[in-house]
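Residue strings, one per chain:
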Amino acid sequence: MSHARVELASSGRRMVELDGLRGVAAIVVLAHHTALVLPAVASSFVGGEAADQGSAAWWLTSTPLRLLVDGPDAVLVFFVLSGLVLTLPVLRSPGYDWPSFYSGRLVRLGVPVLGSIVLAYALRLALPPVPSHESEWVSDYRLLDLSWEHGFRALDLVAGRYSLNNPLWSIRWEMLFSLALPVFVVAGVVLRRRWLVAAAVVVGVGWLGFSSGDASARFLPVFLLGSVIACNLGRIGSAAASGYRGNPARHHALWLLTLVSSLALLLVGPLLSHRLDEGTNEIVQAVAPLGAAGVVLAAIAWRPVRVALSCTPARLAGKYSFSLYLVHVPVIFAVLCVLPDARFSVTAPLSVLLSLLLAVGFYHLVEARSHRWARAVGTRSSAALRSIQSRRPGPSSTPERTPPE
């Protein structure tokens, strides 16, 4: 989850709506994990079982209301956003400072992750054990091994285990994408006018990932969509402006259709998975990243969505989104430990409220400091590399003698 701020290339406008979109996606992830406490919801998301028709869980998992708690698809939006906001600065800086980026990125992600792991461990050790629960998701966490080895493995941002704090699984792909960013930038530039080819590549590789069980093929190509959007940002802005000047009604209709179609791509797999054969279901799931990219495009180019995502609540949610993403699962389980017999109607709102409050505190105590430390480490790394390069002996100024014939 990158939090870089970007500007629309054609106008220099800061794209605060992307902060709002990130905040909305983080709230959806929070709602997702809060709802997983319900056994029927957990069975749908974790076990793939359909809820009883007409029940509350059915409405949340088998109708368009699923968008409110669809955490996995919200993470796809995060990946497209990261592809966009990490690619754009590279495009705008011919002499991009890669040593500063890599060292700063490690600190930027690593420090908050470490803070979230310490928080999760502290809560697990300080509170009573997680009570037995009918939710499959809660039961998996309840049986978690709390060895020190498990904690250290959670710190591995490339190949670790993340059961202690489930949302950390996505940070692995953020880090791998960051390491491979030059490749994604080049691919984005090559495919900037061949966006249909880029979409086909993402869907095709994703389908291979679902078919083979290779998670890297499922998730890493999603970042490419963000890189392609970054390479076309100027054209997107120009097209949006000309649409409003030409035929506003047609422009609104096209973007409404784009947004609805994008949301449908996110929903069709989960809603129809029980009715499709395995092969068709894998293809439908592989198309979902295109829906996430469509949502990002609508946030950039369609004024009603842009205005909605630029409002103060959405922007505040975006500011604290990474901290909220990191701390909310330990809070949910802490509430279950303290109130093991309480109803969901009590634990759910309490979990949400405490998660939001803790996210604000975590941001100011940990994440904001990681921003400063990342900039400082990046600056020093870049300066150190320049110093090393300056000490290398240059080419000899003495002209070479031509050997006799």
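What counts as what
- Throughout this description, residue numbers start from 1 for each chain and increase along the sequence as written.
- The predicted nature of this model means local features are confined to residues of pLDDT at least 70 and side-chain atom pairs, given and counted, to a pLDDT of 80 or more, with totals for whole chains, interfaces and linings taken over all residues.
- To get the side-chain values, all heavy atoms of the structure are used, and hydrogens and water are removed first.
- Comment: elements are numbered from the N terminus, with helices defined as DSSP H or I runs of at least four residues and strands as E runs of at least two.
- Any residue under 20% of the maximum accessible area for its type is buried, any over 50% is exposed, and the rest in between are partly exposed; the area is computed with a 1.4 Å probe on protein chains only.
- We call two residues in contact when some of their heavy atoms are within 4.5 Å.
- Pairing of aromatic side chains requires ring centres within 6.5 Å, counting the rings of Phe and Tyr and the six-membered ring of Trp. Pairs whose planes differ by under 30 degrees are stacked, by over 60 edge-to-face, and all others tilted.
- We call a set of buried Ala, Val, Leu, Ile, Met, Phe, Trp, Tyr and Cys residues a nonpolar core when their side-chain atoms join them within 4.5 Å.
- Given the number of residues in a helix, its expected span is that number minus one, multiplied by 1.5 Å.
- In this context, the arc is that of the directions from the helix axis out to the C-beta atoms.
- For every residue, the predictor assigns a confidence score, pLDDT, that lies between 0 and 100.
- Put simply, a salt bridge is a Lys or Arg side-chain nitrogen that is within 4 Å of an Asp or Glu carboxyl oxygen.
- Residues enter a patch when their relative accessible area is above 30% and they make no salt bridge; the linking distance is 9 Å between like charges and 5 Å between nonpolar side chains (Val, Leu, Ile, Met, Phe, Trp, Tyr).
- Using a 1.4 Å probe, accessible areas were evaluated by the Shrake-Rupley method; residue-level cover was limited to the displayed protein chains.
- Counted charges follow a simple rule, with Lys and Arg positive, Asp and Glu negative, and His plus the chain ends left uncounted.
- A charged residue contributes its charge at one atom only: NZ of Lys, CZ of Arg, CG of Asp or CD of Glu.
- Axes, fitted as lines to C-alpha atoms, cover a helix only where it is in contact. Angles between the N-to-C directions of the axes lie from 0 to 180 degrees.
- Each angle is binned into one of four classes, with values under 35 degrees roughly parallel, values over 145 roughly antiparallel, values of 65 to 115 roughly perpendicular, and all other values oblique.
- Three categories are distinguished: nonpolar for Ala, Val, Leu, Ile, Met, Phe, Trp, Tyr, Cys and Pro, charged for Asp, Glu, Lys and Arg, and polar for the others, with Gly belonging to the last.
- What qualifies as a polar contact is a pair of N or O atoms within 3.5 Å, subject to a donor-acceptor requirement within protein and to the restriction that residues adjacent in sequence count only when both atoms come from side chains.

Colleague: Lay out the overall build of the protein chain with the relevant residues and their values.
Modeller: Looking only at helices and strands, the protein chain has 18 helices and 2 strands in total. Every one of the 405 residues in the protein chain was classed for burial, and the buried ones make up 47%. Pairs at least 24 apart in sequence give 77% of the contacts found in the protein chain among residues at least 6 apart.

Colleague: So what's going on with the packing of aromatic side chains? Residues and values would help.
Modeller: Tallied over the entire structure, the rule returns 16 aromatic pairs. Judged by centre distance (4.8 Å) and plane angle (35°), the ring pair of Trp137 and Phe333 falls under tilted. A residue pair is termed long-range when its members are at least 10 positions apart, and Trp137 in helix H6 (residues 136-142) and Phe333 in helix H17 (residues 321-338) qualify at 196 residues. Residue classification places Trp137 among the buried positions, given a relative accessible area of 9%. Members of the aromatic cluster, joined through ring pairs, are Phe79, Trp169, Trp173, Phe177, Phe184, Phe219 and Phe223.

Colleague: Report on the environment of Val190, specifying residues and quantitative values.
Modeller: Relative to the helices and strands, Val190 resides in helix H9 (residues 181-190). Overall, Val190 belongs to the partly exposed group, its relative accessible area being 48%. When the C-alpha positions of Val190 and Cys231 are compared, they lie 9.3 Å apart, and in sequence the two are 41 residues distant.

Colleague: Explain the nonpolar core residue by residue, including any values.
Modeller: Core analysis: the biggest nonpolar cluster contains 95 residues, and Trp137, Ile229, Val296 and Ile300 have the highest contact counts within it. Looking at this core element by element, the count peaks at 13 residues for helix H4 (residues 71-92).

Colleague: Explain helix H12 (residues 233-246) residue by residue, including any values.
Modeller: The end-to-end C-alpha separation of H12 is 20 Å, in line with the 20 Å expected for 14 residues at 1.5 Å each. Buried within H12 are the following residues: Leu233, Ile236, Gly237, Ala240, Gly243 and Tyr244. With its buried residues spanning 125° around the axis, H12 presents them on a single face. Across H12 from its buried face, at more than 90 degrees, point the exposed residues Arg245 and Gly246.

Colleague: Describe the confidence of the model for the protein chain, listing the residues and the values that go with them.
Modeller: Scored by pLDDT, the protein chain has a mean of 86; 88% of the residues are at 70 or more. Here residues 3-12 is modelled with pLDDT under 50, and outside its nearest four sequence neighbours on either side it reaches 35 contacts, counting other chains as well. Across residues 397-405, confidence stays below pLDDT 50; counting only partners more than four residues off in sequence or on other chains, it has 0 contacts.

Colleague: Explain the pattern of salt bridges to me, using residue names and the numbers behind them.
Modeller: Scanning the entire structure with this criterion turns up 4 salt bridges. Linking Arg66 and Asp70 is a salt bridge whose minimum nitrogen-to-oxygen distance equals 3.9 Å. A relative accessible area of 8% places Arg66 in the buried class. In this structure Asp70 comes out as buried when scored by relative accessible area, which is 3%.

Colleague: Before we move on, could you go through the environment of Gly243 and cite the residues and values that matter?
Modeller: Mapped onto the elements of the fold, Gly243 is located in helix H12. Spatially, the C-alpha atom of Gly243 lies 9.9 Å from that of Trp302, the residues being 59 residues apart in sequence. Excluding anything up to four places from it in sequence, Gly243 contacts Pro248 and His251.

Colleague: Can you tell me about the environment of Cys231, naming the residues and giving the values?
Modeller: Tracing the backbone through its elements, the reader meets Cys231 in helix H11 (residues 215-231). For Cys231, a relative accessible area of 17% puts it in the buried group. If near-sequence neighbours (up to four positions away) are discounted, Cys231 is found in contact with Leu91, Gly188, Val189 and Arg192.

Colleague: Give me the lowdown on a nonpolar patch on the surface, citing residues and values where you can.
Modeller: A cluster of nonpolar side chains, namely Trp59, Leu65 and Leu68, defines an oily patch on the protein surface of about 310 Å² accessible area. Note that Leu68 resides in the loop between helix H3 (56-61) and H4.

Colleague: Which residues make up a positive patch on the surface, and what values go with them?
Modeller: Where like charges cluster on the molecular surface, the positive patch consists of Arg192, Arg193, Arg194 and Arg235. With respect to the helices and strands, Arg192 occurs in the loop between H9 and helix H10 (195-212).

Colleague: Mind laying out helix H13 (residues 248-272), listing which residues take part and the relevant values?
Modeller: Helix length check: H13 (25 residues) gives 35 Å between terminal C-alpha atoms against 36 Å at 1.5 Å per residue, within 8%. Residues of H13 that are buried include every one of His251, Trp255, Leu259, Ser262, Leu266, Leu267 and Gly269, and no others. Looking at the buried positions of H13, the neighbouring elements they touch are H4, H12, helix H14 (278-301) and helix H15 (303-309).

Colleague: Quick one: what's the story with the packing of helix H5 (residues 98-126) against helix H8 (residues 169-179), residue by residue and with numbers?
Modeller: With their axes 11 Å apart at the nearest point, H5 and H8 run at an angle of 175° to one another. Between H5 and H8, the interaxial angle falls into the category roughly antiparallel. Contacts from Phe101, Tyr102, Arg105, Leu106, Leu109 and Val113 of H5 reach H8 at Ile171, Glu174, Met175, Ser178 and Leu179. For the contact of H5 with H8, a count of residues per class yields 8 nonpolar, 1 polar and 2 charged.

Colleague: Summarise the side chain of Arg22; cite the residues concerned and give the values.
Modeller: Topologically, Arg22 is positioned in helix H1 (residues 16-35). Exposure remark for Arg22: the relative accessible area of 1% places this residue in the buried category. Among the polar contacts made by the side chain of Arg22, one reaches the side chain of Asp19 at a distance of 2.8 Å.

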